[in-house]
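Working through the structure, step by step
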Amino acid sequence: MLVVVALLFIADIRAAEGCRDPIVEILVSPLVSKKALRIMDLSWDVGSRWRPGDWVGLYNVNPSWQAKPVFRSHANGALGTVRTGIEEGRVFLEPYYHKLCLGWWAAYWSQNSSQPMAVSCLSSNPRWMEELEPLISSLRLNEAFIPGTHDSGAFHLAYRPFSDNRLTKYVYAQDESIMEQLIHGARYLDLRIGLYDGKFWVNHGIAKVHPLEFILKDVKTFVDNTREIVILDFHEFLNGFKDRTAHIKLLEFIKREVGEHLAPPHLGWSVTLGQLWKMDKRIIAAYNEKTIVRERAGEVWWPVRHAWGDKRKIQDLFLYLKNIFSRNLKTQGIFWSAMAELTPNFWDVLLDKLNGLRQLADDTNKDITNWFRGEWGSKANGVAVDFIRSSGIVETAIRWNKRKARYSLCD
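Residues numbered from 1 in each chain as written. Predicted model: local features only at pLDDT ≥ 70, side-chain atom pairs only at ≥ 80, totals over all residues. Heavy atoms only, no water.

The protein is annotated in an unreviewed UniProt entry as Phosphatidylinositol-specific phospholipase C X domain-containing protein from Nezara viridula.

Quick notes on the packing of helix H12 (residues 356-373) against helix H14 (residues 393-406)
At a closest axis distance of 10 Å, the pairing of H12 and H14 adopts a crossing angle of 5 degrees. On the basis of the axis angle, H12 is roughly parallel to H14. Residue-level inspection shows Thr369, Phe372 and Arg373 of H12 in contact with H14, the latter providing Ile393, Thr396, Arg399, Trp400 and Arg403. Broken down by class, the residue content of the contact of H12 with H14 amounts to three nonpolar, two polar and three charged. (Axes fitted to C-alpha atoms, helices over the stretch in contact; angles between N-to-C directions. Helix = DSSP H or I, 4+ residues; strand = E, 2+ residues; numbered from the N terminus. Parallel < 35°, antiparallel > 145°, perpendicular 65-115°, else oblique. Contact = heavy atoms within 4.5 Å. Nonpolar A, V, L, I, M, F, W, Y, C, P; charged D, E, K, R; others polar.)

As for the packing of aromatic side chains
Applying the stated criterion to the full structure yields 20 aromatic pairs. The structure contains a cluster of three or more aromatic residues connected by ring pairs, namely Phe145, Phe318, Phe325, Trp336, Trp371, Phe372 and Trp376. Looking at Arg90, its charged tip hangs above the ring of Tyr159, at a distance of 4.9 Å from the centre. Between the NZ or CZ atom of Arg403 and the centre of the ring of Trp400, over which it lies, the distance is 4.5 Å. (Phe/Tyr/Trp six-rings, centres within 6.5 Å; stacked < 30°, edge-to-face > 60°. Lys NZ or Arg CZ within 6 Å of the ring centre and 35° of its normal.)

Notes on unusual backbone geometry
With a phi close to 55 degrees, Asp280 is a non-glycine residue in the positive phi region. Tracing the sequence through the fold places Asp280 in the loop between helix H8 (273-279) and strand E13 (283-287). Residue Asp280 is classed as partly exposed on the basis of its relative accessible area, which comes to 38%. Positive phi, normally seen in glycine, also occurs at Phe387, with a value near 45 degrees. With respect to the secondary-structure elements, Phe387 resides in the loop between strand E16 (382-385) and H14. (Buried < 20%, exposed > 50% of the residue type's maximum accessible area, 1.4 Å probe, protein only.)

Quick notes on the UniProt feature "domain: Phosphatidylinositol-specific phospholipase C X" (unreviewed entry) in the protein
As recorded in UniProt, the feature "domain: Phosphatidylinositol-specific phospholipase C X" (unreviewed entry) lies at residues 135-288. Counted over residues 135-288, helix gives 31% and strand 24%. Its end C-alpha atoms are 31 Å apart. (UniProt positions renumbered as here; feature names shortened; annotations may be inferred.)

A few points about the pairing of strand E3 (residues 55-59)
Taking burial as the measure, the five residues of E3 include five buried ones, the bulk of the element. The alternating pattern of E3 places Trp55, Gly57 and Tyr59 and Val56 and Leu58 on opposite faces, both of which are buried. Bridge analysis of E3 against strand E4 (residues 71-74) gives four bridges, and the strand direction is antiparallel. Looking at E4, one finds that Gly57 is bridged to Arg72. Bridging between E3 and strand E6 (residues 101-109) involves five bridges; their strand directions are antiparallel. Of the residues in E6, the one forming a bridge with Gly57 is Ala107. (Pairing = 2+ DSSP bridges.)

Description of the sheet that holds strand E5 (residues 79-87)
Ordered by their spatial adjacency, three strands build an open sheet running E1-E2-E5, and the pairing between neighbours is antiparallel. One side of each edge strand has no neighbouring strand; the edge strands of this open sheet are strand E1 (23-28) and E5. Here the strands of the sheet are splayed against their neighbours by 20 degrees on average, with no regard to which way each runs. Of the pairings in the sheet, the one linking E1 to strand E2 (residues 39-45) comprises six bridges and is antiparallel in character. In the sheet register, Glu25 faces E2, and the bridge partner there is Ser43.

Here we look at the state of the cysteines
Taken as a whole, this structure holds two disulfides when the rule is applied. Here Cys19 is linked by a disulfide to Cys410, with a sulfur-sulfur distance of 1.9 Å. Sign of the S-S torsion, about -75 degrees for the bond between Cys19 and Cys410, identifies this disulfide as left-handed. A residue pair is termed long-range when its members are at least 10 positions apart, and Cys19 in the loop between helix H1 (3-13) and E1 and Cys410 in the segment after H14 qualify at 391 residues. The exposure class assigned to Cys19 is partly exposed, which follows from its relative accessible area of 29%. What pairs with Cys101 in a disulfide is Cys121, and their sulfur atoms sit 1.7 Å apart. Measuring handedness by torsion sign, the sulfur bridge of Cys101 and Cys121 sits at about 85 degrees and is right-handed. Highlighted residues: Cys101 in strand E6 and Cys121 in strand E7 (residues 118-123), separated in sequence by 20 residues. For Cys121, a relative accessible area of 24% translates into the label partly exposed. Numbered by order of appearance in the sequence, the disulfide-linked cysteines of the protein pair as 1-4, 2-3. (Disulfide = S-S within 2.5 Å.)

As C-alpha cells, then:
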C-alpha cells in the first residue's frame, strides 16, 4: 500500500462514510511461487467506526464470538489490507450458476464486542445482476458500474504452486477462465483478437493465448444458464487483420457462436438493463473498428472508449484516473471503461524490471479497490482490472449499483 496515494484519496473515501456499511472482504492474491499460490488477504474499510483494538479474522466456519479464527490481525487503521499466508485451496469444479460460499469467512471485530461489525464470505457471484433486477432495471448501460477484466482471454489456470518464467510473467493477466471470471462477477470482457491459419485466437500483445471459440462458448453457456448481461469488447485486432475480409469473417464467427443472444446495436449504450432483460438479448458485442461498425451497423455496437493511462507507477495511474473522475464526464451515447492496471513498457518486459503482471496487480489492486469504494464509484462505468479476484471490484460495483439505483451515496 502506498501511503501517499492513500492520503491523497482519503478525503474522497470518507465523504459519505457515516451512512455506508462497514466492509470486510477476502481477496485472493495473484502471487505464485514454488511453495504457494492463491494466498488470501483480508481487506476492510470501516470509516469512523474504527477504534484502537479492532481486529480482523479469517475463519473456516461462519464467524461467531466462540469460533476460533485460523488467522487474526490488528486492524491498524480504518482502511487496510493484511496478508493471511493461508491458501484458498483451488480445485476444479463444474460451473455452478448460483451464489456459493467457498468455505472461507472474514469478520471485523471491535474490541470486547460479542458481534462482528462486518462479516463476509468468499463467494461466487454468478447472478448478481439478476438478484438486483427489481432495483437496477432502470439503470442505463452507460451509467451502471460494470466490473470487468483487462485482457480477459489471457488467463492461466494453476492448481499447484509453480514458478513463473520470463515469458508467462508478462503474458497472463488473469487467474480464472472466462467461465470462472463470469461466475465470480465480471460482466465486461476485454478481448484482443488474432487470426492464425484461418482460426481466431485471443492475444495478449503478440502472444497467441487461447482459441476464441472456447471463449465464446463459455460466454454462451453462462448466458444460457443465467439472466446476466455481458459486454464483449473486441478492442484490438492483431495478426491477420490487414483488410476488411478478416473483420467480416470475425463478425460471422461471432454471430455463429453467440448470435441468438446478441442485443441489437440500434438500442445504443443508453439502453436500460430492464430493456435488455425484457428482450432477452443480453450479450453486447462492441467493436473497436469504426469503419466496420459503420458498414455493419446492425451487427456490432459502437466501440467501448478506454480510459487507459499507460502508466508504470501506481501514483501516476492514480493521478491519471483522478483527473478523469474530477471532470464532468460526458457519457451520452457511449460506454467507457477505466483500465485500472499498470502497463509495462518494452524494456520492463525485456529486462524484467517489474517482476511481472502478478506483482504489479498485487502492488496495485488493493489501492484500486479503495479508490472505487470511494466517490469514483459514483461515476464509474466499466472498470477493468488484472487478476480480478485480487481486487474487490465486483462487490464494490454491486454496492454502487444499489446506490445509483436509489439516487443515493449511502447504503
